[in-house]
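Spelled out, the chains give:
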Amino acid sequence: MERTYIMVKPDGVQRKLTGEIIRRFENRGLTLVALKMLTPKRETAEKHYAVHAERPFYGELVDFVTSGPVVAMVWEGKDIVKITRAMIGATKPTEALPGTIRGDFTADMMSNLIHGSDAPEAAEDEIALWFGEGEL
Ligand code: IDP
Ligand code: MG
C-alpha cells in the first residue's frame with residue numbers, strides 16, 4: 001500500500017490546527033499509521049529540504065521548520081500521495097484553492113502549515129529520514 005510523509009509545520013502546531021488537519025484526512029477515510037511530535041534537528045530539516053538547497057529561501061526555510069514542535073505522520077492508502085497533495089493545496093497562495101488546507105487557513109508562501117511528500121519515492125525517503133524502524 002502507498003504511504004506518504006505528512007508534517008504539521010511549526011506554524012500549524014502553534015495555530016492549533018493539528019486536530020483540524022488530522023480530522024480532514026480521517027474524514028476522507030485515509031489511514032494514519034504513525035505519529036509523533038518533535039522539534040526537528042537542523043540536520044534533519046536540511047536533509048528533508050535538500051532539493052531546495054540552492055534556492056534563496058532555503059536558510060529561512062530550515063530556520064522556520066526547526067523553530068518549534070512539528071507533528072510528523074505517516075498516512076497510508078491507495079494514491080495517498082496525490083490525494084493528500086490535493087487536500088493540502090498549492091504552494092503558491094494565489095493557486096491554493098478554497099477547500100484545501102492551505103487555501104482555507106493561510107496566505108503565506110513559507111508559513112503554509114503542512115508538508116506532504118510529492119511522489120511515492122520521495123515519501124519513502126522522507127519516512128526513513130523522520131521515523132526509525134521501530135516507530136512504524
Ligand atoms: P510544497 O511544500 O508545496 O511541496 P516546495 O516547493 O517543495 O512546496 O517548497 C517547500 C517549502 O518551502 C514550502 O512548503 C514553503 O514552506 C517553502 N517555500 C517554497 N517556495 C517558497 C518561496 O518562494 N518563498 C518562501 N518560501 C517558499
Ligand atoms: Mg515539496
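In this report, the structure presented in the accompanying data block is examined. Residue indices begin from 1 for each chain and proceed along its sequence in written order. Labels follow written order: the first chain is A, the first ligand is 1, and so on. Reporting of local features is limited, given that this is a predicted model, to residues whose pLDDT is at least 70; pairs of side-chain atoms are given and counted only at 80 or more, and all residues count toward the totals for whole chains, interfaces and linings. With hydrogens and water set aside, each side-chain value is computed from the structure's full complement of heavy atoms.

### Re the site of ligand 1
To keep things clear, this is the line we draw: What makes a residue near a molecule or strand is one non-hydrogen atom of that residue sitting within 4 Å of it. Two N or O atoms count as a polar contact when they lie within 3.5 Å, although within protein this holds only if one can serve as hydrogen donor and the other as acceptor, and sequence-adjacent residues are included solely when both atoms are side-chain atoms. Using a 1.4 Å probe, the Shrake-Rupley method yields the accessible areas, and only the shown protein chains count as cover for residues. Residues are grouped as follows: Ala, Val, Leu, Ile, Met, Phe, Trp, Tyr, Cys and Pro are nonpolar; Asp, Glu, Lys and Arg are charged; every other residue, Gly included, is polar.
What surrounds ligand 1 is the set Lys9, Tyr49, His52, Phe57, Leu61, Arg85, Thr91, Arg102, Met109, Met110 and Asn112. In this structure, His52 approaches ligand 1 through a side-chain N or O atom, which is 2.8 Å from an oxygen atom. Look at ligand 1: alone it shows 530 Å² of surface, and the protein chains cover 81% of it. Of the residues that constitute the shell around ligand 1, the class distribution is five nonpolar, three polar and three charged.

### So, the sheet that holds strand S3 (residues 70–76)
Using the following cut-off: Two strands pair under a simple rule: DSSP has to find at least two bridges between them. Helix and strand definitions follow DSSP, with helices as H or I runs of at least four residues and strands as E runs of at least two, each counted in order from the N terminus. To get an axis, fit a line to the C-alpha atoms, keeping to the stretch in contact for a helix; angles then go from 0 to 180 degrees between the N-to-C directions. We call two residues contacting when some pair of their heavy atoms lies within 4.5 Å.
Sheet architecture is open: four strands sit in the order S2-S3-S1-S4, paired in antiparallel fashion. Each edge of the open sheet is held by one strand with a lone partner, namely strand S2 (31–38) and strand S4 (114–116). Going across the sheet, the axis of each strand differs from the next one's by a mean of 15 degrees, ignoring polarity. Sheet topology note: the strand S1 (residues 3–8)/S4 ladder contains three bridges and is antiparallel. Note on S4: the bridge partner recorded for Ile6 is Gly116. Helix H7 (residues 120–130) contacts S1, S2, S3 and S4 of the sheet and is inclined by roughly 55 degrees relative to S1.

### Topic: the side chain of Asp11
Quick note on the threshold: Only protein chains enter the accessibility calculation, which uses a 1.4 Å probe; a residue whose area is less than 20% of its type maximum is buried, one above 50% is exposed, and one in between is partly exposed. When charges are counted, Lys and Arg contribute as positive and Asp and Glu as negative, whereas His and the chain ends are disregarded. Salt bridge, as used here, is a side-chain nitrogen of Lys or Arg placed within 4 Å of a carboxyl oxygen of Asp or Glu.
Turning to its location among the elements, Asp11 is positioned in helix H1 (residues 10–14). Buried and unpaired, Asp11 has Arg15 as its nearest opposite-charge partner, separated by 5.4 Å. Here the side chain of Asp11 touches Asn112 through a polar contact of 3.3 Å, landing on its backbone nitrogen.

### Some thoughts on the environment of Glu76
With respect to the helices and strands, the residue Glu76 is situated in strand S3. Here Glu76 falls in the partly exposed class, since its relative accessible area comes to 27%. Sequence-wise, Glu76 and Thr106 are 30 residues apart; in three dimensions their C-alpha atoms are separated by 25 Å. The residues touching Glu76, leaving out its near neighbours within four places in the chain, are Met1, Glu2, Arg3, Leu30, Thr31 and Val33.

### As for the pattern of salt bridges
Using the criterion set out here, one finds 10 salt bridges in the structure. Between Lys78 and Asp79 there is a salt bridge; the shortest N-O distance is 3.3 Å. By sharing partners, the salt bridges in this structure join Glu20, Arg23, Arg24 and Asp104 into a single network.

### What about the nonpolar core?
Condition: Put simply, buried Ala, Val, Leu, Ile, Met, Phe, Trp, Tyr and Cys residues joined by side-chain atoms within 4.5 Å make one nonpolar core.
Ranked by size, the top nonpolar core spans 19 residues in total, and within it Ile6, Ile21, Phe25, Met73, Trp75 and Ile114 carry the most contacts. Where this core is concerned, the elements lending two or more residues are S1, helix H2 (18–27), S3 and helix H5 (80–88). Sort the elements by how many residues they give to this core and H5 lands first, with four residues. In this structure Trp75 touches Glu2, Arg3, Thr4, Ile6, Ile22, Phe25, Glu26, Leu30, Thr31, Leu32, Val33 and Ile80, once residues within four positions along its chain are discounted. Counting 17 residues, the second-largest nonpolar core is a separate cluster that includes Met7, Ala45, Tyr58 and Phe64.

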